[in-house]
Amino acid sequence: SQQGEEDPQALSIQEGENATMNCSYKTSINNLQWYRQNSGRGLVHLILIRSNEREKHSGRLRVTLDTSKKSSSLLITASRAADTASYFCATDAWSGGSNYKLTFGKGTLLTVNP
Amino acid sequence: EADIYQTPRYLVIGTGKKITLECSQTMGHDKMYWYQQDPGMELHLIHYSYGVNSTEKGDLSSESTVSRIRTEHFPLTLESARPSHTSQYLCASSAVGTVSTDTQYFGPGTRLTVL
């Protein structure tokens, strides 16, 4: 079963507006990461938030984590056309020994219109 | 920009052909991964490696095989390609983590089409 699931599936906004994407997951995690993927390209890491953190900032990005609700949100402020991409949350899962694997959600497709 | 490379970027081949997708990284990372991603869908882990001579199957069953003879190189091979293998294949790497997952660095992907 899928660990991380983003909401909404697609979001279209105007340049300058804020964009909020949500991620829900099912089992306990050590950390949660957000990645961005431009069309037809590989993923780029944006931000990692650990299970003992509630909020983290990086430039125009703000990530929150609520472990009691098993959910996270990614806020992009003052969006730009160049922010148009798919955004994925990824949660870690133990895979044996001291090793962990990432499980990705289906992503949110963000379109920022000029 | 991550130092992880994939070739070819695009590949269109006929059914039954043997193909190898190349992935290499220059960051000295021990962990490497192969993901399969259909358009607009999530990534599915198909293979991973925690070091030289270590390979494991991922969450999604795949007819492909991998090898890890050198730290920097993690090729994926399909012995006999079929139309159902049409997809995007993403390679990633990460440094050795301690108690949880490290950031993964992704290559640009190989978009495979099997006719």
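Structure: above.
An account of the accompanying structure is given in this report. Because the structure is a prediction, the values reported are computed rather than measured.

How each quantity is defined
- Residues numbered from 1 in each chain as written.
- Chains lettered and ligands numbered in written order.
- Predicted model: local features only at pLDDT ≥ 70, side-chain atom pairs only at ≥ 80, totals over all residues.
- Heavy atoms only, no water.
- Salt bridge = Lys/Arg side-chain N within 4 Å of Asp/Glu carboxyl O.
- Helix = DSSP H or I, 4+ residues; strand = E, 2+ residues; numbered from the N terminus.
- Buried < 20%, exposed > 50% of the residue type's maximum accessible area, 1.4 Å probe, protein only.
- Contact = heavy atoms within 4.5 Å.
- Buried area = accessible area lost by both parts, 1.4 Å probe.
- Polar contact = N/O pair within 3.5 Å; in protein donor to acceptor, adjacent residues only side chain to side chain.
- Nonpolar A, V, L, I, M, F, W, Y, C, P; charged D, E, K, R; others polar.
- Phe/Tyr/Trp six-rings, centres within 6.5 Å; stacked < 30°, edge-to-face > 60°.
- Lys NZ or Arg CZ within 6 Å of the ring centre and 35° of its normal.
- Pairing = 2+ DSSP bridges.

## What to know about the pattern of salt bridges
All names here are of chain A.
Right, on to step 1. Counted under the stated rule, the structure contains 7 salt bridges over all chains.
Right, on to step 2. Salt-bridge contacts for Arg36 lead to Asp83; the nearest nitrogen and oxygen are separated by 4.0 Å. Taken together, the residues span a long stretch of sequence, with Arg36 in strand β4 (residues 31–37) and Asp83 in the loop between β8 (71–76) and β9 (85–96) at a distance of 47 residues. The same class applies to Arg36 as to Asp83, namely buried.
Right, on to step 3. Salt bridges sharing partners connect three or more residues here, namely Arg36, Arg60 and Asp83.

## Quick notes on the interface of chain B and chain A
Right, on to step 1. Each side of the interface is counted separately: chain B has 26 residues, and chain A has 24 residues.
Right, on to step 2. Contact between chain B and chain A buries roughly 2000 Å² in total, counting both sides, with carbon and sulfur atoms accounting for 45%.
Right, on to step 3. There are 0 salt bridges connecting chain B and chain A.
Right, on to step 4. Across the contact surface, chain B and chain A share 3 residue pairs in polar contact (both at pLDDT 80 or more).
Right, on to step 5. Take the side of chain B that touches chain A: its biggest share by element is 4 residues, from strand β5 (residues 43–51) of chain B.
Right, on to step 6. Per-class residue counts for the side of chain B that touches chain A are 10 nonpolar, 9 polar and 7 charged.

## Quick look at the side chain of B:Arg68
Residues and elements named next belong to chain B.
Right, on to step 1. Assignment of secondary structure puts Arg68 in the loop between β7 (65–66) and β8 (76–78).
Right, on to step 2. In this structure the side chain of Arg68 is engaged in a polar contact, spanning 3.2 Å, whose partner is the backbone oxygen of His29.
Right, on to step 3. Within the structure, Arg68 has its side chain in polar contact with the side chain of Ser49 (distance 2.7 Å).

## Some remarks on the packing of aromatic side chains
In this description, an aromatic ring pair is defined by two values, namely the gap between the centres and the angle between the planes.
Right, on to step 1. Applying the stated criterion across every chain, the model contains 7 aromatic pairs over all chains.
Right, on to step 2. Their ring planes at 80° and their centres at 6.0 Å tell us that A:Phe104 and B:Phe106 sit as a pair that is edge-to-face. Of this pair, A:Phe104 sits in strand β10 (residues 99–104) while B:Phe106 is found in strand β10 (residues 105–106), placing the two residues in two different chains. Residue A:Phe104 shares its accessibility class with B:Phe106, and that shared class is buried.
Right, on to step 3. Members of the aromatic cluster, each reached through a chain of ring pairs, are A:Tyr35, A:Phe104, B:Tyr33, B:Tyr35 and B:Phe106.
Right, on to step 4. B:Arg68 extends its terminal NZ or CZ atom over the ring of B:Phe74, reaching a point 5.8 Å from the ring centre.

## Concerning the pairing of strand β6 (residues 55–58) of chain A
Residues and elements named next belong to chain A.
Right, on to step 1. The pairing of β6 with strand β7 (residues 61–66) spans 4 bridges and is classified as antiparallel. Note on β7: the bridge partner recorded for Glu55 is Thr64.
Right, on to step 2. In this structure, the hairpin formed by β6 and β7 is closed by a connection of 2 residues, where Gly59 is found at a positive phi of approximately 60°.

## What to know about the sheet that holds β8(B)
Residue and element names in this part refer to chain B.
Right, on to step 1. Judged by pairing direction, the sheet is antiparallel, and its 4 strands sit side by side in the order β1-β3-β8-β7 without closing on themselves. Of all the strands in the sheet, just β1 (4–7) and β7 have a single pairing partner and so form its edges.
Right, on to step 2. In terms of strand pairing, β7 meets β8 through 2 bridges, oriented antiparallel. In the strand pairing of β8, Val66 is matched with Leu76.

Interpretation in functional terms is not warranted from these geometric data alone.
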